[in-house]
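The chain contents come next:
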Amino acid sequence: MEKSGSVDSVESLVKAGQSKRYYSVNVSVELGTSLSSCALISCSSVCRSTKTPVKANFLFCQRNWFRIPVFVVLYYIDFCTSSILMVLKYVFIVCVSTAKDVTYICPFVGPVRGSLTVTNYRLFFRCTDREPVFGLDLPLGVLSRVEKIGAATSRGDVSYGLACKDMRNLRFVHKEPEDSLKKSVFEVLMKFAFPVSNNMSLFAFEYKQVFPENGWRVYDPLAEYKRQGLPKESWRISKVNDHYELCDSYPAALVVPVTITDEELRRISSFRAKGRIPVLSWIHPESQAAVVRASQPMVGQNGRRCKEDEKLLQAIMDANAQSHKIFIFDARPSVNAAANKMKGGGYESEDAYQNAELVFLDIHNIHVMRESQRKLKEVVYPNIEDSHWLSNLESTHWLEHIKLILAGALRIADKVESGKTSVVVHCSDGWDRTPQLTSLALIMLDSHYRTIRGFQILLEKEWLSFGHRFQQRVGHGDKNHTDADRSPIFLQFIDCVWQMTRQFPAAFEFNEYFLITILDQLYSCLFGTFLCNSEQQRLKEEVPKHTVSLWSFVNSQLEEFVNPLYVHYPSHVLFPTVGIRHLQLWVTYYIRWNPRMRPQEPVHQRYKELLAKRAELQKRVEELQREAANRTASSSSERAGSPTRSITPVQTFV
Amino acid sequence: MLSLGSVGAKSTKPSFVSYVTPEEIKLEKEPPKIEKHPDLLPGEVEFCCANPILKYTQDDMSQRGIFGTLFCTNFRVTFISDEKSQEETTKTFKNKLYGENDIPLMCVDHIYGVYDEKKKLITGGLVKNKYPSKMIIHCKDLRVFQFCLTFTKEEDAKKIFQGIAHHCLEERSLKCVFAFSYSGTPSPEMQRKWETILFDSPEDWTQEMKRTRANCRLVTENENFELSQRLPKYFVIPSALGDLFSYQGKGFPIWCWSHHSGCALFKASLPPVTQEDGDFQKHLDIMLNAVAHNYLYSAKTEDLSESLPTIQDIQQSYNKFKQFFLIENSTDFWLSDVKWFSSLESSGWLDIIRQCLQKAVEVVECLEKDNTNVLITEEEGTDLCCVISSLVQIMLDPYYRTLMGFQSLVQKEWVAGCHAFLDRCNHLHQKDKECHSPVFLLFLECVWQLVQQHSPAFQFSETYLTVLSDSVDVPVFSTFLFNSAHHRESVMKAESPLAQSSPLSCPTVWDWSVQFDSKAQNFFFNPLYSEKVKHEKAVRKAHKPKHQRQLSLPSTAFKPPSKKGFFKDETDSLKKILRVKRLSRWMGSPDSPAATTRGFYESWKQRPLDYHGLLLPCLDGPAVRVWMQRYLRWIPEVHIMGGGSVAVMTKLMELLSQVQDLKRVLEQRDSSQAVKLDHRPYIQHRLLSFGSSGRLSSSFPFAYSRNRSFKPIIPTGLMQSLMVTDSLASQEDEASSFVSLV
């Protein structure tokens, strides 16, 4: 981290762009001594002509020492809310490479010429020949692949393509720099887009923004179990995994039935895949039906059994007096579950587990999901074939997978709510399909998880502490884009949540922008929240100490993420409709890069206007009432004489 | 127990046989034998009835149902339950003419009979002595009724089945339509309360010309249909057109609407050209000439039958499309859910909607951007011409996005414009399939697309459109009953009881109080509508809506339009004087219309959106959607309990009512405002008590709560959906043991 220089003056407003968002200004800057030649600096200032405070902006410096003519892009306040710019306000980002005269092959508007800047955090492209100003601005973390396309042409043009994790591909063409000393943009990209592959640390460890709230304190497992009203007589919080010895992908605090000892838990851990034993995830406040998660039992071809495991499931069932049955939901298709027996895994047999009913939920594995996402990207980016849109969409199976996941969660929620029965959910390892199902079921069952903070707790609990392998599934900073461990499991979950917000527009405290922000920050590697594969790894890497939590950022500007239509129903269970007829493709996420598909004005915009209107009118009514009260007081003393009582005319049009 | 999800799914379709024998039923249902009769409307006559009839409930796969009596009257088929249902009385959105268990005869689409577990389509000829054990009625508003006839006496069953089949399927004469027997007294408030302009008098047309500042000529010569029986009584033509009687038998360019720049939209009927008929060519030239003279001597013409699907295509496509919503049981539902998207696509219905909107955008571009007069033609001039011209007017003129404006538009273009409703809707069950086509519905579908994309621009709600689409098949109103103005007048005269004095008067559909009380009518208004900010002075005047002038594109009227090379060799002389083009010539040219309008759309989209200015639809694949409310409202599997757009609407309505209350408080305080200036119908938004919205279903206000417990609908047949055949499915879940590809 270097100290940033100070900006002396914003000399003149050169031209006001057509677009609301951009202003171009030329400024001269006296730079501090320790500043490198190419830099991005941030500053705050006031736009002179309009007196609008400009919260965040940044400068492009050109290759001159000391007095540097810089190009500044000032962003309007409304744009400042974009996370990246908030970052710039405080953080000094080293600009590593700038290339002028680059052509961005935009699939929507055609080739655009401009300059391309790569920093250690992001890539910025600004066009120079087009009005309105056109720009690209993306964190390097979203890049999954950077490759040169074709050989350099005779004119010395190099062309390279960037495949992104957020459903787009970018293509740039530019001349190979003659200056051989200067690193090519390509090399710089390869280095900084994939820091993990280059033995560098992720940008999250450099980022030192300070927020009023510390997001790492959002989730406290003990407080959460207390909120759920965990009955002490039947459940206990075990310390057996305090040092992650029992299971390195599980959290430290585990909730198990009181009747099961830690010793028994240890034995069970050898029977469940990766030691992921059945532990409580949620308990119904009234019926005490529990949602329990686990991994597959290591039954194998010989039908191994584990006395303690059977006892544990029996104990889970007994903890709920309302039902004499327990449902085991295996997320996999039955064929796959059976195939797992060959590799030592499998599913609970009905002989061994009495009173248990096993249900397969037919959700496919990470590879099928990855392939579905790949097809979806083909269909939605860059161009949509209108006449075959629906059949193309169907051929990706994306919405069918969404349907299956939602249907599975619905069955779980139904058993818990309507059947008052405890359920055990597992897939193979219990860290992909299992968190999808449990967290969705929890959203359906518990309105707390539909609030902004509740949702954060849900993610921290079901996904992060229970070891969804974010590092592997997303491949943070890893250049191995063909890695078979990557899969859009978390994206699917967020998509499912979005489907529910569409079906119940007033039941969620957060809005669509909140969900999109989570997904964008999942890839950006700006925050530490989604780094590493497990709680243990995050502690080992001291992620909470060295990085900022996404929730620090989110909770510091909650108003951005609030759904104005939200109504809080305390104990209100949501049962979504899972028919494909009611599922939609999340156009505003998957097709957001297509300018034609941008929404024009969301409903809640109008709602916000009405809220403002109501507040205004209420104020006016109060004023008038006060006025009237004063007048009656005065007129009664005057002895109602004058009939021409002047009353302030009020304009009453909307 | 071990249950495999995929096994359960393969369960066979439920058979159509009831698992309960009649004897068992009789035991349960013996004592209360009170004869129940439907509350007949004035003029309604009961034909036949049968009891007990079992009406299956649609909710589940079991063969359960409700017992009751089935009636057939000259208005409807009605089922009256033996049990008294309470919901009926508490419903907020109740149709006064027909209820949940009533099917107006005109609304019956198809009847199926189940004979020995085989489902057969009943046509007029099939009704012999044999009656089916189960009768399935598909309605035009997409309801599905299933009645079991086996519990009643054989002769009653036969009678009711034959009665219903006869009245619903046999060809009949217009005289038998219930509207001519209906003698409902028009409510006092009806009289012009809604102020829909009916376009049945010269004044209406003059007013409309004045509003749009048109410079055309009103024709009154057809008052007694001497010019043509296919033309309206009054219509407007370009002022340059000469003696009308010399063109008798040929089409006229009929004025639809004038753009504020002065250019206008015309429509004309034009027989298809088979050979280069000199006479025809000459007539076309005269028409074009007259149109071009309207403004700046430029005109474009487009033969809609060349570029849009035919009315038969529309009919076929809709027939396929509606099948996906006529769901008889849950198993069918989940089976069809799997192939939902590709089925939708194969019907082509959404594509037809897209084509119509696309064409309308092309015409809008000519008017708005090029300021060229446009003449659209088609064989009859009353089908797709009506669709396109009405859509163009909605996109360009915010007046037509208000409720009154929209109703006036339907009157102007469709009712007075002589759309052949009787033939197209097949109200009389004619065997001739050629002329049936849901053209008007297609128009409403297109409007719905606009409404859902730009909700705040419309004063009316999607519920209004749904109700309007249903009302076409309610045989009480005269609005949609006739083929033309002449037809209407001659029939009305002939059917009048006092043939000499005055013609019969049927209510128009716009008198919504015939169907709904004022509370229910509030659902027609869109709480999101952003009303135009008017100053108080303007409010007084703006009672007659004015043409909006803002937000027009820079006028390019005095530049020759930039597009080259699409000149149609009309005649040499014309080519010299006029810039006459044929729109359809753009087809096949390098930049297809889609590409050119794309640019138009994008430049429009870049400007800030003004709900009171030009409105264009997005036509990309994901943007054209299924009209969920209309098509899914009766299917219990897709009802979202406590969710759906109603949740948003109730909140908005609540807030709006608070705003209005506050405003009223302010108004009352202001004694100088004793005269109420606000003329628009006051909407009481508070009718939905907000606490209940948590229990409303997404199909509100249409679906009836069926006493269903608050339980989720668990899909069946999941496994069939995803036959992942590639090797990925069988790959190991954890890839660490999997050899990395790199």
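Bear in mind that the values here come from a model prediction, so they are computed numbers and not experimental data.

Let us look at the sheet that holds strand β5 (residues 102-104) of chain B. All names here are of chain B. Judged by pairing direction, the sheet is antiparallel, and its eight strands sit side by side in the order β5-β4-β3-β2-β9-β8-β6-β7 without closing on themselves. Each end of this open sheet is capped by a strand with a single partner; those strands are β5 and β7 (118-121). Along the sheet, successive strands turn relative to each other by an average axial angle of 30°, direction set aside. Here strand β6 (residues 108-115) pairs with strand β8 (residues 134-139) via six bridges, running antiparallel. Among the inter-strand pairings, G113 is bridged to a residue of β8, identified as M135.

Take the domain arrangement of chain A next. Residues and elements named next belong to chain A. Each domain of chain A was delimited in the assignment, giving domain 1 (95-205) and domain 2 (215-606). With 25 residues of domain 1 at the interface, the matching set in domain 2 holds 32 residues. Both sides together, the interface formed by domain 1 and domain 2 hides about 2600 Å², and carbon and sulfur atoms give 65% of it. When residues of domain 1 are sorted by the area they lose upon contact with domain 2, F108, K165 and M167 head the list and together hold 31% of the total. Taken together, the links from domain 1 to domain 2 amount to zero salt bridges. If you look at where domain 1 meets domain 2, you find 12 residue pairs in polar contact (both at pLDDT 80 or more). Of all the elements in the fold, those that place two or more residues in the side of domain 1 that touches domain 2 are β10 (143-148) and β11 (157-164). When its residues are assigned to classes, the side of domain 1 that touches domain 2 shows 17 nonpolar, four polar and four charged.

Turning to the pairing of strand β15 (residues 373-378) of chain B, a few remarks are in order. For a regular strand, the rule is simple: side chains alternate between the two faces of the sheet. Residue and element names in this part refer to chain B. Along β15, six of the six residues are buried, which leaves the element largely enclosed by surrounding structure. Here β15 shows a buried face lined by N373, L375 and T377 and a second buried face lined by V374, I376 and E378. Both strand β13 (residues 264-269) and β15 contribute to a ladder of five bridges, which runs parallel. Each bridged residue has a counterpart across the sheet, and for K267 the counterpart in β15 is I376.

With that settled, consider the UniProt feature "domain: Tyrosine specific protein phosphatases" (unreviewed entry) in chain A. UniProt's feature table lists "domain: Tyrosine specific protein phosphatases" (unreviewed entry) at residues 396-443 of chain A, given in the numbering used throughout. The span residues 396-443 of chain A carries 67% helix and 10% strand; its end-to-end C-alpha distance comes to 27 Å.

All names here are of chain A. Per the UniProt annotation, the sites labelled "active site" (unreviewed entry) are C427. Within the secondary structure, C427 is located in the loop between β19 (422-426) and α11 (433-445). Excluding residues within four positions of it along the chain, C427 makes contact with A294, S295, Q296, D330, A331, R332, D432, R433 and T434.

Residue and element names in this part refer to chain B. In this model helix α11 (residues 349-370) runs 31 Å from its N-terminal to its C-terminal C-alpha over 22 residues, within 8% of the 32 Å that 1.5 Å per residue would give. With 19 of 22 residues buried, α11 is to be regarded as a mostly interior element. Following α11 by one or two positions, N371 adopts a phi angle in the positive range, close to 50°.

Our next topic: the packing of aromatic side chains. By convention here, two paired aromatic rings are described through the distance between centres and the angle between planes. Residue and element names in this part refer to chain A. In total, this model carries 72 aromatic pairs over all chains according to the counting rule given. Aromatic side chains F327 and F329 sit 6.1 Å apart centroid to centroid with 20° between the ring planes, which places their arrangement in the stacked category. Residue class for F327 comes out buried when judged on its relative accessible area of 7%. Using a relative accessible area of 1% as the deciding quantity, one classes F329 as buried. Ring plane angle 40° and centroid distance 6.0 Å describe the contact between F490 and F493, whose orientation is recorded as tilted. Residue F490 and its partner F493 are located together in helix α14 (residues 489-503), separated by three residues, close to a single helical turn. Just as F490 is buried, F493 falls in that class too. In this structure, K341 packs its charged tip against the face of Y347, placed 4.6 Å from the ring centre.

Quick notes on the rules
- Residues numbered from 1 in each chain as written.
- Chains lettered and ligands numbered in written order.
- Predicted model: local features only at pLDDT ≥ 70, side-chain atom pairs only at ≥ 80, totals over all residues.
- Heavy atoms only, no water.
- Pairing = 2+ DSSP bridges.
- Helix = DSSP H or I, 4+ residues; strand = E, 2+ residues; numbered from the N terminus.
- Axes fitted to C-alpha atoms, helices over the stretch in contact; angles between N-to-C directions.
- Domains from an automatic or database assignment.
- Contact = heavy atoms within 4.5 Å.
- Buried area = accessible area lost by both parts, 1.4 Å probe.
- Salt bridge = Lys/Arg side-chain N within 4 Å of Asp/Glu carboxyl O.
- Polar contact = N/O pair within 3.5 Å; in protein donor to acceptor, adjacent residues only side chain to side chain.
- Nonpolar A, V, L, I, M, F, W, Y, C, P; charged D, E, K, R; others polar.
- Buried < 20%, exposed > 50% of the residue type's maximum accessible area, 1.4 Å probe, protein only.
- UniProt positions renumbered as here; feature names shortened; annotations may be inferred.
- Expected span 1.5 Å × (residues − 1).
- Phe/Tyr/Trp six-rings, centres within 6.5 Å; stacked < 30°, edge-to-face > 60°.
- Lys NZ or Arg CZ within 6 Å of the ring centre and 35° of its normal.

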